[in-house]
Amino acid sequence: MQSGGIRTQSIKNISKRGIPLITVITVVYNDEKNLEGTILSVINQSYSNIEYIIIDGASTDNTLEIIKKYENKITYWISEPDDGIYYAMNKGIDLATGEWINFMNSGDTFYNEDVIELIFKKNFKDDIIYGDTYMAYTVSFFIEKAKTLDSMLKRMPFGHQSVFIKTSLMKEKKYDVMFRSSSDYNFFYKSFKENKIFCYIPVIIAKYNAEYGMSHNFKLVQRENARIQGIDETIKWRIIYLLKCSIYEIKKLIKRLLPICVVEKIKKNTIKKLQYANLGKYK
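Residues numbered from 1 in each chain as written. Predicted model: local features only at pLDDT ≥ 70, side-chain atom pairs only at ≥ 80, totals over all residues. Heavy atoms only, no water.

Here we look at the overall build of the protein
In plain terms, the rule: A run of DSSP states H or I qualifies as a helix once it reaches four residues; a run of E qualifies as a strand once it reaches two. Both are numbered from the N-terminal end. The rule is simple: take the accessible area with a 1.4 Å probe, protein chains only, and divide by the maximum for that residue type; under 20% is buried, over 50% is exposed, in between is partly exposed. Residue contacts are defined here by distance: any two heavy atoms, one from each residue, within 4.5 Å place the two residues in contact. Here the open area of atoms and residues is found with the Shrake-Rupley method and a 1.4 Å probe, where only the protein chains shown may cover a residue.
Tallying secondary structure elements over the protein gives nine helices and ten strands in all. For the protein, the residues scored as buried account for 47% of the 283 residues in total. Sequence-distant contacts in the protein: of pairs separated by 6 or more residues, those separated by 24 or more amount to 78%. On the protein, roughly 15,100 Å² of surface is accessible, and the fraction owed to carbon and sulfur atoms is 54%.

Take a look at the structure:
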């Protein structure tokens, strides 16, 4: 186990009057290619009261060297083996001392340097604050506007990176490590059912690396989401699931058979349609 950061020098962040301490947690494992961009998006925020924690799963590439490069800007970092992303995120929750927690995991970034300052000009009494997400692909991008909260009954209505959660709530519940892909959805779903207070703000909070996001395991996400919703044992869901999986496999087969240039063109056109669907919402 290795660790470091300014907390090891007895330097602590605290909340100030009108300037709550915001904890940003980054979970990483062997991602030397993308980690630096994530770190820079956090430490370059104009907001003056950020506690930054990095949880590394004992990376074997140059990830640790990148973390040490910015050690004097990081509150605390730790590098040791873990049992998966939600174990690592729970470890970050245990270490958090801020009033609010945001997870900006490796490869994702804040939309710009003023996002946190823009949001926390207001004193929130809510449990969960959420906004919109810039979905980044290699060929293009689109802005995904958060859906209405009632859609929580079927899917995540917002991007996990574009959420700030009250730390006291996060420490009380944490993430259920029995889920491999949908534990964040499980947390928000339960919070919604328990009438926790959600607050939508019309701000693009994060840039999400949609090309390589972990939730691309389609079948696993479908099964875990159904389990969370309590419908995974129903005949209706099983039939729909088999149909969705069949369509998914057919699409994968067609994708493998088509030339790469054609696949990229289709993807670009699909993203362009999503861009048009959101046209004018951020003018």
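Details of the pattern of salt bridges
Defined as follows: Whenever Lys or Arg places a side-chain nitrogen within 4 Å of a carboxyl oxygen from Asp or Glu, that contact is recorded as a salt bridge.
Scanning all chains against the criterion turns up eight salt bridges. Notably, a salt bridge pairs Glu 36 with Lys 69, separated by 2.8 Å at the nearest N-O pair. Here the residue Glu 36 occupies a position in helix H1 (residues 35–43), and Lys 69 occupies one in helix H2 (residues 63–69), the gap between them amounting to 33 residues. A relative accessible area of 55% places Lys 69 in the exposed class. In this structure, Lys 91 and Glu 80 form a salt bridge, with 2.9 Å as the shortest nitrogen-oxygen distance. Of this pair, Lys 91 sits in helix H3 (residues 85–95) while Glu 80 sits in the loop between strand E4 (76–79) and H3, placing them eleven residues apart in sequence. Look at Lys 91 and you get buried, because its relative accessible area is 18%.

Considerations on the environment of Phe 218
Structurally, Phe 218 can be placed in helix H7 (residues 218–229). Linking Phe 218 and Lys 244, residues 26 residues apart in sequence, is a C-alpha distance of 9.5 Å. The contact partners of Phe 218, leaving out residues within four places of it in the chain, are Lys 244, Cys 245 and Tyr 248.

Points about the nonpolar core
The test is simple: Residues enter a nonpolar core if they are buried and are Ala, Val, Leu, Ile, Met, Phe, Trp, Tyr or Cys, with the set joined through side-chain atoms within 4.5 Å.
Core analysis: the largest hydrophobic core is formed by 31 residues, its most contacted members being Phe 110, Ile 116, Ile 119, Phe 120, Phe 164 and Ile 205. At five residues, the largest contribution of residues to this core is made by strand E10 (residues 198–209). With residues near it in sequence (within four places) discarded, Ile 116 still touches Ile 22, Val 24, Gln 45, Tyr 47, Ile 50, Phe 110 and Phe 164.

Details of the packing of aromatic side chains
Basically, it comes down to this: The rule is short: rings of Phe, Tyr and Trp, with Trp giving its six-membered ring, pair when the centres are within 6.5 Å, and they are stacked under 30 degrees, edge-to-face over 60, tilted in between. By definition, being over a ring means that NZ of Lys or CZ of Arg is both within 6 Å of the ring centre and within 35 degrees of the ring normal.
Taken as a whole, this structure holds 19 aromatic pairs when the rule is applied. Ring geometry for Tyr 130 versus Phe 158: centroids 4.7 Å apart, planes at 35 degrees, classification tilted. Here Phe 158 lies in the loop between strand E8 (141–144) and strand E9 (163–166) and Tyr 130 lies in strand E7 (residues 128–136), a separation of 28 residues in the sequence. Here Tyr 130 and Phe 158 have matching classes, each one buried. The structure contains a cluster of three or more aromatic residues connected by ring pairs, namely Tyr 86, Phe 103, Tyr 130, Phe 158, Tyr 175, Phe 187, Phe 188, Phe 192, Phe 198 and Tyr 200. Here the basic side chain of Lys 207 rests over the ring of Tyr 134, its NZ or CZ set 5.2 Å away from the ring centre.

Digging into the pairing of strand E5 (residues 100–103)
Going by this rule: Paired strands, as defined in this entry, are two strands with at least two bridges between them according to DSSP.
Residues of E5 alternate between two faces, with Trp 100 and Asn 102 on one and Ile 101 and Phe 103 on the opposite face, all of them buried. Examined bridge by bridge, strand E2 (residues 22–28) and E5 share four bridges and lie parallel to one another. Residue pairing for E5: Ile 22 is matched across the bridge by Trp 100.

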